[in-house]
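One-letter residues, chain by chain:
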Amino acid sequence: MGNSSSMLTQYDIEEVQEHCSNTFSQQEIVSLYQRFCQLDRNGCGFISAEEFMTVPEFAVNPLSQRLFRMVDGLNFKEFVLFLSAFSSRASLQQKVEFIFKVYDSDGNGKVTFNEMLDILRDLTGQFISEQQREKVLTQVLEEAGYTKDSLLVQADFMKLLSYSSETILDVVNTVPVLDILILGNSVLKMEVEVPVD
Amino acid sequence: MSKLNTSSSELDLDRPNIEDYLPSGSIQEPHGTLRLRDLLDISPTLTEAAGAIVDDSFTRCFKSNPPEPWNWNIYLFPLWCLGVVVRYGLLFPLRVLVLTIGWIIFLSCYFPVHFLLKGHDKLRKKLERGLVELICSFFVASWTGVVKYHGPRPSIRPKQIFVANHTSMIDFVVLEQMTAFAVIMQKHPGWVGLLQSTILESLGCIWFNRSESKDREIVARKLREHVHGADNNPLLVFPEGTCVNNHYTVMFKKGAFELGCTVCPIAIKYNKIFVDAFWNSRKQSFTTHLLQLMTSWAVVCDVWYLEPQNLKPGETPIEFAERVRDIISVRAGLKKVPWDGYLKYSRPSPKHRERKQQSFAESVLRRLEEIN
C-alpha cells in the first residue's frame, strides 16, 4: 500500500480488514481511507498533530491530547485498528481494552492512582481543586474495595465497566423501579458510525 | 463544603449554544451515588473524539465535491473529448477575447473619468459605478454566466448593509454586475491586490487583515462611518469571513449586525451541473480558479434579494446574525453548521473545552454531595 497512491486495491482492503479482525466492513474501510487522505493533507502517510487539530470538534475534546499520543504517526492500517474499538461489531472486551490503554499511559499493564488522577484532571480541568480530585478518587476507590495504592489491571476494568454485573439491591436503592429493566441491559456505549456513501 | 472554582477566562454568554448542535454522547443524565465505575467510564468523551476523527461537520464545509465523470463508456467518451476541444479550443479563446475587449473599453474610459473629472465628484462617482458594473458584466460574460436575479434590486439608501453567503470571489463580481457595491474584503497579493487598491478603492471598499487582532476595531469603525454616509455606495459584507462550498453555511460574524442599520440578506446558489464555483483557496490560486471557470461550459446561479431585516427588540446582534443566516440558508438550500469560519486558520478557543470540563466537574461534585 504505497503512501503516495490514493487508490486502495482489493488486496489492501482485505489486509486491513484482517488486521482489525473484521470489525469494519469493506465499504467502511474505503470510507475511512477517504477520510484518512482528507486529513493527511501533505500526503506523508500519517496524520500529524497539526492536521488533527484542524478538526475543531476533536480539538475541543478534553482527552484529545491523550488520544493524539496514541494515534500519532500511525499509518492507515494502524489507524483503522485504533478505531476498531468504536465499531458496532467490536466486543465489550475490545472496548474495555481501549479504555484501559487510554488510562495506562506508561503501558505497563497496570493503572495507578496517579494515572487515574491524570485522566480526571483532563476531564475536569480547573473546575475542581487538586485536593478535591484526590479526595473524590480515594473515596470511590475505597468504596469499590480498592485502596489508594492499588494497581488496577485490565480484568478489574472489565469487572467494573460491564454493567451487567449490577446487583439488584444497588439498582433498587438508586433508581425508580421502571428503570431497572433498562439498567439491567445497559452496556458500555462506545460506538461511532462510519459514513458510507 | 464543595466549592467550584470559577473560570478565569471570559465567558461569551451571547454565543449560541454549540452543545445543541454537537451530537451528544450519553443522553442519560447520571444520577445516584458516585461510583468508581462512573469515573472510569470515559466512553462518552472518547466516543465524541472518535466521532470527530471519523467525520466532522467543519471539514465537510470546505470539501470540494468533484462532479461525477459521465464519460465512462465507448460513445460518451468521444463526445466528452469533443466537448473538451470545444471548451478549450473555441470557447476559451472567445472568452479571452471578450474579456480583453472589456478591459480595453473599461481602462480607456476609467482613467479619463478618474483624472479629468476630479472636480465633479458626483458625476465622476456615477460614471465610475457604471464602468465597474460594465467590467463585471464582461467578466460574467467571459464565463458564460447565466445569473437569475430574484427580488427587488438594491437601492442606494443610507443606513443599510447587504449580507450574502460566500462561495468564491466571483460572488462579488456576480452581485457587482447588477449594483455597484462597496465591499469589505481581505487584501490579496498579486494582480488581485492591484485591482483592489486602484479600481475598487474608488468605490469606497474597505480592507481588512485577518491576522491582525486590533484590525477588528478599526474595521468596525470604518464600517460604521461608511454606512451612515448618505453618498456612499451600498455596502456588501460576507459575514462568513471565508469561502464555503455552497452546501453549508458557517457562523456569521456579528460585525455587520451591530451597526444599528437595516440588514438586507442576499442568497446565492450555484448550479453545480455546469461547474463547481467553490473556490478552495487552500487548493488553488484565484488565477487557476478563474481559468477553470473560463474553460467550463457555464456558470449558472440564482441570486435572491431577500426582505430587509431589522434588529428585533430584545435580540442580541449574535441572535440577529443567526436569524439572518437562517433566512439565507433556507432560501438557498444550505445546511447550517455551528462553526466559526476562521477555524480554518486558527484553533478553537479553550472556552469550549472548559465548558465541557465544567459540566463534568459539576456533575461529579453534585453526586458527591448526595453521598455526604
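Here the structure is a predicted model, which is why all the values come from computation and not from measurement.

Asker: Which residues make up the packing of helix H1 (residues 10-19) of chain A against helix H2 (residues 26-39) of chain A, and what are the values?
Answerer: Residue and element names in this part refer to chain A. Packing of H1 against H2 brings their axes to within 10 Å, and their N-to-C directions diverge by 100°. Looking at the two axes, H1 sits roughly perpendicular to H2. Residues Gln10, Ile13, Glu14, Val16 and Gln17 of H1 form the contact with H2, whose participating residues are Gln26, Ile29 and Val30. Across the contact of H1 with H2, the residue classes break down as four nonpolar, three polar and one charged.

Asker: Tell me about the sheet that holds strand S4 (residues 206-208) of chain B, and please be specific about residues and values.
Answerer: All names here are of chain B. On the basis of which strands lie adjacent, the open sheet formed by seven strands has the order S1-S8-S7-S2-S5-S3-S4 and mixed pairing. Only two strands of the sheet have a single neighbouring strand rather than two, namely strand S1 (145-150) and S4. Each adjacent strand pair in this sheet contributes to an overall mean axis angle of 25°, direction not counted. In the sheet, strand S3 (residues 182-186) pairs with S4 via three bridges, with the strands oriented parallel. Bridge pairing in S4 places glutamine 186 opposite phenylalanine 208. Lying over the sheet, helix H8 (residues 215-228) contacts strand S2 (160-164), S3, S4 and strand S5 (235-237), oriented at roughly 170° with respect to S4.

Asker: I'd like to hear about the packing of aromatic side chains, residue by residue, with values.
Answerer: Inspection of every chain in the model, using the stated rule, returns 25 aromatic pairs over all chains. On the basis of an interplanar angle of 55° and a centroid distance of 5.1 Å, the ring pair of phenylalanine 36 of chain A and phenylalanine 79 of chain A is categorised as tilted. Of this pair, phenylalanine 36 of chain A sits in helix H2 while phenylalanine 79 of chain A sits in helix H6 (residues 76-83), and the two are 43 residues apart along the sequence. Judged by relative accessible area, phenylalanine 79 of chain A falls into the buried class, the value being 1%. Three or more aromatic residues joined by ring pairs form one cluster here, namely Trp103, Phe106, Tyr110, Phe111, Phe115, Phe139 and Trp143 of chain B. Cation over ring: lysine 253 of chain B sits above tyrosine 342 of chain B, and NZ or CZ is 4.0 Å from the ring centre.

Parameters and conventions
- Residues numbered from 1 in each chain as written.
- Chains lettered and ligands numbered in written order.
- Predicted model: local features only at pLDDT ≥ 70, side-chain atom pairs only at ≥ 80, totals over all residues.
- Heavy atoms only, no water.
- Axes fitted to C-alpha atoms, helices over the stretch in contact; angles between N-to-C directions.
- Helix = DSSP H or I, 4+ residues; strand = E, 2+ residues; numbered from the N terminus.
- Parallel < 35°, antiparallel > 145°, perpendicular 65-115°, else oblique.
- Contact = heavy atoms within 4.5 Å.
- Nonpolar A, V, L, I, M, F, W, Y, C, P; charged D, E, K, R; others polar.
- Pairing = 2+ DSSP bridges.
- Phe/Tyr/Trp six-rings, centres within 6.5 Å; stacked < 30°, edge-to-face > 60°.
- Buried < 20%, exposed > 50% of the residue type's maximum accessible area, 1.4 Å probe, protein only.
- Lys NZ or Arg CZ within 6 Å of the ring centre and 35° of its normal.

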